[in-house]
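This is what each chain is made of:
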Amino acid sequence: MKHLDQKKGFFAALIVCSIIISIAPPVRAATFINGSFESPGVITEVDLSASPGFVTGWTNSGAEYYEGAGNSHGWSAQDGTFGISFGHNGGIGGVLMQTFDTSIGANYTVSFFVTRIQGGVSAQSVTAQALNATTSANLGTTLTAIPVANAVWTAGNSLNFTATSTSTTLKFIDSTAAGGDSNWALDHVTVVPEPSCLLLLASASLLCFRRKMRL
């Protein structure tokens, strides 16, 4: 009877997953690109306020720099060779964003790394935000204080959201308060969807098979 109950549970899971797959589009997080800012590469340092579409896949406004190895600010990327720095020369409020494909109802986790790059002890922070790309409805927001340690990469507070449209906009906003000294960098941004129903089904199938072999 125990084995029969397991089989019934497995086939029930199969039916549920089949229904979900039939009505939900596939998760397409692969369309989020250039999270480590390695493209376009080559250039050591670019003032993005004069080149708002310079970084592949991203758009920006405000005070940011695209920087690679040998930049004049003396910091190195957390992943690869390139990263984005915010602030400089008293500038605050810079925005970096990317719109990418999502599946309605799917859950996503955004992770990233930050570091202070020119010393100082004044408070600095970054806001990560996910928006419905069609309606601009806020899907989630996190605030990360930039650690005081200079040139030490630290994981920011991850952002979790549930997509409500087929495209979502991810924003990083320099939220350093007016009058503050904003000099920090961003790198290694990832967007990861929760495991798909097919993956869960495969796990359930393997578990059922293992239990059957023990009987």
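Residues numbered from 1 in each chain as written. Predicted model: local features only at pLDDT ≥ 70, side-chain atom pairs only at ≥ 80, totals over all residues. Heavy atoms only, no water.

With that settled, consider the confidence of the model for the protein chain. Low pLDDT means the predicted atomic positions in that stretch should not be read closely. The predicted model of the protein chain averages 82 in pLDDT, with 76% of residues at 70 or higher. In the model, residues 6-30 has pLDDT below 50 throughout and makes 26 contacts with residues more than four positions away in sequence or in other chains. Across residues 197-213 the pLDDT falls below 50, and counting only partners more than four positions away or on other chains, this stretch makes 13 contacts in the model. (pLDDT = per-residue confidence, 0-100. Contact = heavy atoms within 4.5 Å.)

What follows is about the environment of W58. Tracing the backbone shows W58 in the loop between β1 (45-47) and β2 (59-61). What makes W58 buried here is its relative accessible area of 3%. Sequence separation between W58 and N34 is 24 residues; the distance between their C-alpha atoms is 8.2 Å. (Helix = DSSP H or I, 4+ residues; strand = E, 2+ residues; numbered from the N terminus. Buried < 20%, exposed > 50% of the residue type's maximum accessible area, 1.4 Å probe, protein only.)

Turning our attention to unusual backbone geometry. When glycine is set aside, most residues are seen to have a negative phi, and most peptide bonds are trans. Residue P40 is bonded to the preceding S39 through a cis peptide linkage, with omega at 15°. Its place among the elements puts P40 in the loop between α1 (2-23) and β1. Positive phi outside glycine occurs at N34, with the angle close to 60°. Along the chain, the position of N34 falls in the loop between α1 and β1. Residue V42 is not a glycine yet carries a positive backbone phi of 70°. Relative to the helices and strands, V42 resides in the loop between α1 and β1.

This next bit is on the environment of D187. Within the element layout of this structure, D187 appears in strand β12 (residues 183-193). Each C-alpha atom, one on D187 and one on S111, is 9.8 Å from the other, the two residues being 76 residues apart in sequence. Engagement of the side chain of D187 in a polar contact is seen with the backbone nitrogen of D79, the distance being 2.9 Å. (Polar contact = N/O pair within 3.5 Å; in protein donor to acceptor, adjacent residues only side chain to side chain.)

To continue, consider the packing of aromatic side chains. What characterises a pair of aromatic rings is the spacing of the ring centres plus the angle enclosed by the ring planes. Here the structure, examined in full by the defined rule, presents 10 aromatic pairs. Aromatic pair F32 and W58: ring centres 5.8 Å apart, planes at 85°, arrangement edge-to-face. Of the two residues, F32 is situated in the loop between α1 and β1 and W58 in the loop between β1 and β2; the sequence distance between them amounts to 26 residues. The pair formed by F32 and W58 is uniform in burial state, with each residue classed as buried. On the numbers, 5.4 Å between centres and 50° between planes, the contact of F37 with W58 is tilted. Here F37, found in the loop between α1 and β1, pairs with W58, found in the loop between β1 and β2; they are 21 residues apart in sequence, far enough to count as distant. (Phe/Tyr/Trp six-rings, centres within 6.5 Å; stacked < 30°, edge-to-face > 60°.)

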